[in-house]
Amino acid sequence: MADLLLECRRVTKRFGGLVAVNAVDFGVERGRIVSVIGPNGAGKTTLFNIISGFYRPDAGEVWFEGRRIDGLRPDQVAARGISRTFQNIRLFQNMTVLENILVGMHTRIRANVVQVLARSRAFREEERALVEEAFRLFRFVGLKANPNELAKNLPYGEQRKVEFARALASRPKLVLLDEPTAGMNPQEMAETTQLIRRLRDELGITVVLIEHQMRVVMGISERVTVLDYGEKIAEGPPAVVRRDPRVIEAYLGRGAALGSAD
Amino acid sequence: MLAVGAYIFTATLITLWLSGPGLRQVLGYSLLLALGFVAFLGSLLVLYYAPLSRNLKLALGLIILVLLLPTMGVQNTFLLEVATQVGIFAALALGLNIVVGFAGLLDLGYVAFYAVGAYLWAIVGSNQGNIAFNTDIFPLAPAWFFPFLLMAVGVAAMTGILLGLPVLRLRGDYLAIVTLAFGEVIRVVVNNLDKPINLTNGPQGIRAIQRPPLFFKPVLTALGITADDATLYALYFYFLVLLVVGFAVVLTRRLENSWVGRAWTAIREDELAAQAMGIPLVRMKLAAFAAGASFAGAMGMIFGAKQYFINPESFTFMESIGVLAMVIVGGMGSVPGAIVGATVVTVLNLQVLKGLSLLLNQLRATDAVIPVINYPLARWPTQLDPAKYERLVFGVLLVIMSILRPQGIIPERRHQLELEERRAEAAPALAPTAGGGADG
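Definitions and limits used
Residues numbered from 1 in each chain as written. Chains lettered and ligands numbered in written order. Predicted model: local features only at pLDDT ≥ 70, side-chain atom pairs only at ≥ 80, totals over all residues. Axes fitted to C-alpha atoms, helices over the stretch in contact; angles between N-to-C directions. Helix = DSSP H or I, 4+ residues; strand = E, 2+ residues; numbered from the N terminus. Parallel < 35°, antiparallel > 145°, perpendicular 65-115°, else oblique. Contact = placed C-beta atoms within 7 Å. Nonpolar A, V, L, I, M, F, W, Y, C, P; charged D, E, K, R; others polar. Buried ≥ 20, exposed ≤ 12 C-beta atoms within 10 Å, placed from the backbone. Domains from an automatic or database assignment. pLDDT = per-residue confidence, 0-100. Pairing = 2+ DSSP bridges.

Peer 1: Is there a simple way to think about the packing of helix H3 (residues 97-104) of chain A against helix H11 (residues 259-269) of chain B in this case?
Peer 2: Across the interface, H3(A) lies against H11(B) with an axial gap of 10 Å and an inter-helix angle of 100°. Compared by their axis directions, H3(A) and H11(B) come out roughly perpendicular. Touching A:Glu99, A:Leu102 and A:Val103 of H3(A) are B:Arg262, B:Ala263 and B:Ala266, all from H11(B). Here the contact of H3(A) with H11(B) is built from residues that sort into four nonpolar, no polar and two charged.

Peer 1: Explanation requested: helix H1 (residues 44-51) of chain A in the structure shown.
Peer 2: Each full turn of the α-helix corresponds to 3.6 residues, which orients residues three or four apart in the same direction. Residue and element names in this part refer to chain A. Among the eight residues in H1, seven count as buried, and that is most of the element. Taken residue by residue, H1 has Lys44, Thr46, Leu47, Phe48, Asn49, Ile50 and Ile51 as its buried positions. Once H1 ends, the next one or two residues include Gly53, with phi positive near 90°.

Peer 1: Help me out: how do you make sense of the domain arrangement of chain A in this one?
Peer 2: Interfaces are frequently sized by the accessible area removed from exposure as the parts join. Residues and elements named next belong to chain A. If you check the domain split of chain A, you get domain 1 (1-81 + 181-262) and domain 2 (92-171). The gap between the C-alpha centroids of domain 1 and domain 2 is 28 Å. On the side of domain 2, eight residues touch domain 1, which itself brings eight residues to the contact. Counting only elements with at least two residues in the side of domain 1 that touches domain 2, the list comes to helix H2 (74-80) and helix H7 (186-203). For the side of domain 1 that touches domain 2, the residue count by class is five nonpolar, one polar and two charged.

Peer 1: For this particular structure, what's the right way to read the confidence of the model for chain A?
Peer 2: Keep in mind that low pLDDT regions are not for reading the predicted coordinates in detail. Across chain A, the average pLDDT comes to 92, with 96% of residues at or above 70. Here helix H11 (residues 254-261) of chain A stands out as the element of chain A with the lowest mean pLDDT, 56, in contrast to H3(A), whose mean of 97 is the highest.

Peer 1: Where do I start with the sheet that holds strand S9 (residues 223-228) of chain A in this structure?
Peer 2: What links the strands of a sheet is backbone hydrogen bonding, and the strands pair in either a parallel or an antiparallel sense. All names here are of chain A. The strand order across the open sheet formed by six strands is S6-S7-S8-S3-S9-S10, and the pairing between neighbours is mixed. One side of each edge strand has no neighbouring strand; the edge strands of this open sheet are strand S6 (82-84) and strand S10 (231-236). Averaged over all neighbouring strand pairs, the angle between strand axes comes to 20°, with direction disregarded. Bridge count for S9 against S10 is five bridges, and the pairing is antiparallel. Residue pairing for S10: Asp228 is matched across the bridge by Glu231. Against the sheet, H1 engages strand S3 (33-37), S6, strand S7 (174-178), strand S8 (206-210) and S9, with an angle of about 150° to S7.

Peer 1: Please explain the domain arrangement of chain B as it appears in this structure.
Peer 2: All names here are of chain B. Domain boundaries assigned for chain B yield domain 1 (1-75) and domain 2 (79-367 + 374-411). Measuring from the centre of the C-alpha atoms in domain 1 to the corresponding centre in domain 2 gives 25 Å. Counting residues at the interface gives 17 residues for domain 1, matched by 21 residues for domain 2. Contributing elements (two or more residues each) for the side of domain 1 that touches domain 2: helix H2 (29-49) and helix H3 (54-75). Considering every element that reaches the side of domain 1 that touches domain 2, the biggest residue donor is H2, with eight residues. Per-class residue counts for the side of domain 1 that touches domain 2 are 13 nonpolar, four polar and no charged.

Peer 1: Hey, could you run me through unusual backbone geometry in this one?
Peer 2: If a residue is not glycine, its phi is most likely negative; likewise, a peptide bond is most likely trans. In this structure, the amide linkage connecting B:Phe138 to the following residue, B:Pro139, adopts the cis form with an omega of -5°. Here B:Pro139 lies in the loop between helix H6 (128-133) and helix H7 (145-167). Here the residue pair B:Lys195 and B:Pro196 is connected by a cis peptide bond, since its omega of 0° sits within 30 degrees of zero. Phi at A:Arg171 is positive, roughly 50°, even though this residue is not glycine. Examined against the element boundaries, A:Arg171 turns out to sit in the loop between helix H6 (156-168) and S7.

Peer 1: What am I meant to see in the interface of chain A and chain B here?
Peer 2: Facing 36 residues of chain A, the contacting portion of chain B comprises 31 residues. Broken down by secondary-structure element, the contributors of at least two residues to the side of chain A that touches chain B are H2, H3, helix H4 (113-118) and helix H5 (121-140) of chain A. If you tally residues by element for the side of chain A that touches chain B, the top one is H3(A), at five residues. Of the residues that constitute the side of chain A that touches chain B, the class distribution is 16 nonpolar, eleven polar and nine charged.

Peer 1: Would you mind showing me how to read the pairing of strand S1 (residues 4-15) of chain A here?
Peer 2: Two faces, one strand: in a regular strand the side chains alternate between the faces of the sheet. All names here are of chain A. Of the strand pairs in this sheet, S1 and strand S2 (residues 18-29) are connected by eight bridges, and their pairing is antiparallel. Bridging across to S2, Lys13 finds its partner in Val21. The turn joining S1 and S2, which pair antiparallel and follow one another in sequence, is formed by two residues; a positive phi near 60° is taken by Gly16. In terms of strand pairing, S1 meets strand S4 (residues 59-64) through five bridges, oriented antiparallel. Residue pairing for S4: Thr12 is matched across the bridge by Ala59.

Peer 1: Help me out: how do you make sense of the environment of B:Leu94 in this one?
Peer 2: Here B:Leu94 shows up in helix H4 (residues 77-102). With residues up to four places along the chain from it excluded, the contact list for B:Leu94 reads B:Ala248, B:Val249, B:Thr252, B:Phe295, B:Val335 and B:Ala338.

See the structure below:
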């Protein structure tokens, strides 16, 4: 295998009697844009939660840059260079747009509490540099709102962009995007697709996304992994996966799969 | 500018006139004095909102607090006592605001840290230490007061961490209940720790607590200023409290406008997302508890020394609720709000309610009647004495606030950030929408 940035080895997660993710192998090469698709309840978000440290897998291992990360806390995983967005936007509502982005930089802060209390030179310079970078990210994701506006006052599309900027603020090596185009109109969707491509092309970030919009999935992903009932049922380039009878069956039912196999 | 100056000048003159000895026999004097004092303290608020330069505001504020208020205080030591109490509660409210306002952790046992600070000095600063440890080295000399003030900060912060460690897995209501219990546990422990070792002297409390050293007295004598010790101590505690509140404000502000404050607020807003951004929840929550507790520790110690006597009754659940009420009334997460909240609630309790009671007593002694229903005030039952309705006032105040202004008197305002080089050109462009970010 090529240079694997992220690797899940036979990862399993159970909730009571339900097996949400069942012995899934999932590898992501450095510098790729990869999609995870599947019907509702297939275990996609659970997989994200396992990778980002919110769930501890019941079995299996997660490796990132050659080191095991399952069992680490979410903040430790973030510090290793994995950041994420959420399916239902989870901004810090009563903080400004810029503050949201600055919180995203938490793992990179060097000034300690003593320097903060003393307002030392090092602290002030770091703070200024971070604010400048926050403004750069603000422009990078194409935000048009007032940077000092509270996040909750922003329209939906802008909130999505803030979440993007916040996820990029830690200078991650890998971002996990959970349905980044949910609730968007076709134009916003095209913009977002473009933005995801720029993450990889301009910032060199590896991207894994969960997505329901097939146009987005087929348009940008280089590999697609399909989950159904917690199991991986297909994997490969989008053009191949979309013709896979098991995938069609998972989405449209058995009859449809038989029909299209002809 | 002129209006601000005129207001401050008038309020000061009126209060100075009221605090003088001439009017004390007038009906409802203490109520009048309270109103004058509120108007006088209000001049700080006027200053806060006045369109003046930062330095000018600071200078005027200092003149009010360092010169004018003590001048009134010397004329009328009760005002100085009220101001000192306001300061003590302001520091407590600032500390609790870090925990509840910034980090969003509802702490109902905050008074525990206050008690820790108070008892720390009470034990070593009185004969109680000898009883407890069977020695004769106590009470420590007054000069030890200041090293122990630092220690009180440290010990209270440690207590905060020790409390935080087991309970911070809990959220919301559960955390509130556990902290409430912790506050009560500390009080009950203090109440019962007169045996097997008599550490706290139980419900009798500890008396004859050492006061801080009057190190400046030789200077005053050399300058030809003589004052009796009572006034001197009253002024001393006022300035000490003022200094600590000043420190608390500066430190809180610095924490607020840094990654520490941002991390706390992020936790308050969305714990899960905050963690995904790499914020270590437990460590940051413990830091909030420790920071909040340290203010209470320092103030508890000063309170003990000022009162000369403490017992567990000073550290009841009602105190925690009182401080929480100040934070909520002032505006959660707002530093000026915490101070205004502390002032409003304290002045209401110490001056307005007591003033009403005194007025009522004065009226009772006369043959005044309530008009229309012809009810003689002499028959007014003592149970309806306004000073007994402190708790009712908390409740009513909170209800009124939550209906009319749930975000508090001075709501939290987020820090407005700009690029250094863009500040000049960008400001006009952002101006039309900039106002919207201020509220909420």
